[in-house]
Amino acid sequence: MTTRNDQIERYTGSQRAAHWVSAISFILLALSGLALFHPAMAWLANLLGGGQWNRILHPFIGVLWFLVFARFALPLMGSNVITGGDLKWLAQVRRVLAHDASGIPPVGRYNGGQKVLYWVLLLGMLVLLASGVVIWEPYFADRFPVDLRRIAVLAHAVTAWGLILSIIVHVTASVWTAGSLTAMVRGKVSRAWAKHHHPGWYREVG
Ligand code: HEM
């Protein structure tokens, strides 16, 4: 686990590759999806070669995202089980953000906020996949009743907006928490970072 003396491994190379492919495909999905969502954003379709290509490629990128994100996220499920300590962390989040964690059990590999986000992303991914298949023309949509397709369009749009906002929170938190980005860029974090942000995890691997 330990690499250089002051660094600890947090993600393997294949985990990082899966995270970045899923991040890039998610951004492409968000932009191509917004182009389909409202005429005011239709110009974004140019990114994928214009309206027709945007419409054709969006669902295929969606399947790629599903597969790669599942590959990255499913093995992390055990580390994202929400415990009583996480609920305390969430209830006291204002204090935590003000750097006062007294009385809150030591954070393990992930904190309560990361875990909630994890489950939101995982659930969202399943809703987007299922509703996306139901409205995917010309392959699947005509196999489903029109009422179900209407519900699927709504569920797809609402969930997509929820995930876009969640990812904005995720990226902001990872930039704001100094020292986190190195986990996803080089796979390693400093001992000081681990001790400070994830003392329970540090005790296990440090
Ligand atoms: C440019 C965009 C992104 C950046 C800068 C970024 C950054 C990071 C960083 C620094 C971590 C490590 C946090 C830690 O280990 O404590 C992380 C973990 C993670 N990221 Fe991203 N990320 C991005 C996009 C995404 C996207 C699009 C998704 C999924 C839709 C995603 C899902 C996750 C998940 C599930 C974790 C593990 C956290 C957990 O299991 O609780 N990320 N990300």
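Coordinates for the structure precede this section.
To keep things clear, this report deals only with the structure shown in the data block. For clarity, every value in this text was computed on a predicted model and none was experimentally measured.

Below, the discussion takes up the overall build of the protein. Within the protein one finds nine helices and two strands. Counting helices and strands in the order they occur from the N terminus, the protein gives β-α-α-α-α-α-α-α-β-α-α. Projected onto its principal axes, the C-alpha positions of the protein cover 55 × 35 × 30 Å. Expressed as a percentage of its 206 residues, the buried residues of the protein come to 37%. Here the analysis covers contacts within the protein between residues at least 6 apart in sequence; of these, 68% occur between residues at least 24 apart. By element, 70% of the accessible surface of the protein is carried by carbon and sulfur atoms, the whole surface being about 12000 Å².

On to the site of the ligand, then. Within the structure, the ligand sits among 23 residues, and R10, Y11, H19, N80 and H170 are positioned closest to it. Within the side chain of Y11, one N or O atom sits 2.6 Å away from an oxygen atom of the ligand. Interatomic distance of 2.8 Å between a side-chain N/O atom of N80 and an oxygen atom of the ligand. Going through the elements one at a time, α1 (13-37), α2 (51-73), α5 (112-134), α6 (146-176) and α7 (181-185) are the ones with two or more residues in the shell around the ligand. Looking at the shell around the ligand residue by residue, the classes come out as 16 nonpolar, six polar and one charged.

Our focus in this paragraph is the packing of aromatic side chains. This model, assessed by the stated rule, comprises 10 aromatic pairs. Each ring, one from Y11 and one from F72, has its centre 6.2 Å from the other, and the planes form 45°; the classification is tilted. Highlighted residues: Y11 in the loop between β1 (7-9) and α1 and F72 in helix α2, separated in sequence by 61 residues. This pair shows no difference in class: Y11 is buried, exactly as F72 is. The structure contains a cluster of three or more aromatic residues connected by ring pairs, namely F60, W136, Y139 and F140. Over the ring of W201 we find R10; its NZ or CZ atom is 4.6 Å from the centre of that ring. Positioned over the ring face of Y11 is R109, at 5.0 Å from the centre of the ring.

Further remarks concern unusual backbone geometry. A cis amide bond, omega 5°, links E137 with the succeeding residue P138. Of note, P138 is situated in the loop between α5 and α6. Positive phi, close to 65°, is recorded for H99, a residue that is not glycine. Looking at the element boundaries, H99 is found in the loop between α4 (93-97) and α5.

Between α1 and α2, whose axes approach to 8 Å, the crossing angle comes to 150°. Classed by the angle they form, the pair α1 and α2 counts as roughly antiparallel. Like other packed secondary-structure pairs, α1 and α2 cross with a definite hand, here left-handed. Here the contact of α1 with α2 is composed, by residue class, of 13 nonpolar, 10 polar and two charged.

Reading the values: the criteria
- Residues numbered from 1 in each chain as written.
- Predicted model: local features only at pLDDT ≥ 70, side-chain atom pairs only at ≥ 80, totals over all residues.
- Heavy atoms only, no water.
- Helix = DSSP H or I, 4+ residues; strand = E, 2+ residues; numbered from the N terminus.
- Buried < 20%, exposed > 50% of the residue type's maximum accessible area, 1.4 Å probe, protein only.
- Contact = heavy atoms within 4.5 Å.
- Areas by Shrake-Rupley, 256 points an atom, 1.4 Å probe, with all protein chains shown as cover.
- Near = heavy atom within 4 Å.
- Polar contact = N/O pair within 3.5 Å; in protein donor to acceptor, adjacent residues only side chain to side chain.
- Nonpolar A, V, L, I, M, F, W, Y, C, P; charged D, E, K, R; others polar.
- Phe/Tyr/Trp six-rings, centres within 6.5 Å; stacked < 30°, edge-to-face > 60°.
- Lys NZ or Arg CZ within 6 Å of the ring centre and 35° of its normal.
- Axes fitted to C-alpha atoms, helices over the stretch in contact; angles between N-to-C directions.
- Parallel < 35°, antiparallel > 145°, perpendicular 65-115°, else oblique.
- Left-handed = near helix turned anticlockwise from the far one by under 90°.

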